[in-house]
Amino acid sequence: MEETQYYKTVYSKYWAEQTKKYGYAPYEQNLVRLIKKSSPQKVFEVGIGTGWPIGAALKKKGITVDGCDIAESSVALAKEELNNEDGIWIGDVSEYKGDTEVYDVVYCVRASWYIPNFYRTVKKMVSMTKPGGHIIFDVMDRNSLFCVKQRWKYVKEKYYKFLGIDIDENYGQHFISLTRMKLFLKRNRLSYQCWGERELTHNKDIYNTPKVVFYCRKER
Ligand SMILES: C[S@@+](CC[C@H](N)C(=O)[O-])C[C@H]1O[C@@H](n2cnc3c(N)ncnc32)[C@H](O)[C@@H]1O
């Protein structure tokens, strides 16, 4: 199965269950805190999933949450969760045909590692954001212990597949170099702050905390 097709069908069913298991934990609460920090009225989420818990927490604060996702079943759930029939649509954000500079905040959380060429996605997110608005996303640091572990697992699975041994289908995730991302943000004249997952959540597990959150501001 092709990677995009996998996320559209198999993964979306898994995620609908998994998001409930993860719950609204400190990491997700920190993301919501950052998204609502500038008191936005209208935001857009790239890879919105089911719209719960992040979109739902924002909606509770009276914020309009638009968004997109490549998985049809997730979009249907998000539309219902966020009571937003028109602003949530199926597709990759590169297909966005609406006006530019309309959102106070455009964010992509817990999804960048499924998106090939995430830099292109960030550029699109910037184009949709109002001058002075914010672009927020998290990435998996490719130098973290978790990512090193995942890369080995991926190589091992490829080898088993080559030998004809049955294994669950698994796709390599897209990890990001923090140095390259920081350079990219500078080149695109975005000021930013960033925090590691452990710093935000006080989780001490160094093997399973690869995420880094970027909080960027578009020039006026
Ligand atoms: C782990 S879920 C996170 C969902 C949501 N952002 C959240 O935090 O609850 C990742 C989501 O990204 C979506 N996704 C993967 N690739 C995508 C792409 N190229 N464009 C939009 N969504 C994508 C998947 O379908 C999935 O719903």
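To be clear, the structure that these remarks concern was listed above.
Residues numbered from 1 in each chain as written. Predicted model: local features only at pLDDT ≥ 70, side-chain atom pairs only at ≥ 80, totals over all residues. Heavy atoms only, no water.

## So, the site of the ligand
Thought 1: The local shell around the ligand holds 18 residues, among which E45, G47, D69, D92 and R110 are the closest.
Thought 2: Separating a nitrogen atom of the ligand from a side-chain N or O atom of E45 is a distance of 2.6 Å.
Thought 3: Between the ligand and V109, the relevant distance is 2.9 Å, taken from a nitrogen atom to a main-chain nitrogen or oxygen of the residue.
Thought 4: Contact with the protein chains covers 97% of the free accessible surface of the ligand, which is 600 Å².
Thought 5: Here the shell around the ligand is composed, by residue class, of eleven nonpolar, three polar and four charged. (Near = heavy atom within 4 Å. Polar contact = N/O pair within 3.5 Å; in protein donor to acceptor, adjacent residues only side chain to side chain. Areas by Shrake-Rupley, 256 points an atom, 1.4 Å probe, with all protein chains shown as cover. Nonpolar A, V, L, I, M, F, W, Y, C, P; charged D, E, K, R; others polar.)

## A short note on the state of the cysteines
Thought 1: Tallied over the entire structure, the rule returns zero disulfides.
Thought 2: Free of any disulfide, C68 has its nearest neighbouring cysteine sulfur in C108, separated by 8.4 Å.
Thought 3: When its relative accessible area of 1% is taken as the criterion, C68 is described as buried.
Thought 4: C216 supplies the cysteine sulfur nearest to C194, a cysteine that is in no disulfide, at a spacing of 8.7 Å.
Thought 5: Using a relative accessible area of 26% as the deciding quantity, one classes C194 as partly exposed. (Disulfide = S-S within 2.5 Å. Buried < 20%, exposed > 50% of the residue type's maximum accessible area, 1.4 Å probe, protein only.)

## Comments concerning the pattern of salt bridges
Thought 1: Under the definition given, this model contains seven salt bridges.
Thought 2: Between R110 and E28 there is a salt bridge, with its nearest N and O atoms 2.7 Å apart. With a gap of 82 residues between them, R110 in the loop between β4 (103–108) and α5 (118–128) and E28 in helix α2 (residues 26–36) connect regions that are remote in the sequence.
Thought 3: Note on E28: relative accessible area 6%, which makes it buried.
Thought 4: A salt bridge links E101 to K218, with the nearest nitrogen and oxygen atoms 3.0 Å apart. You can see E101 sitting in the loop between β3 (88–90) and β4 and its partner K218 sitting in strand β7 (residues 211–218), a full 117 residues away along the chain.
Thought 5: Overall, the relative accessible area of 37% leaves E101 in the partly exposed class.
Thought 6: Assessed through its relative accessible area of 11%, K218 is described here as buried. (Salt bridge = Lys/Arg side-chain N within 4 Å of Asp/Glu carboxyl O. Helix = DSSP H or I, 4+ residues; strand = E, 2+ residues; numbered from the N terminus.)

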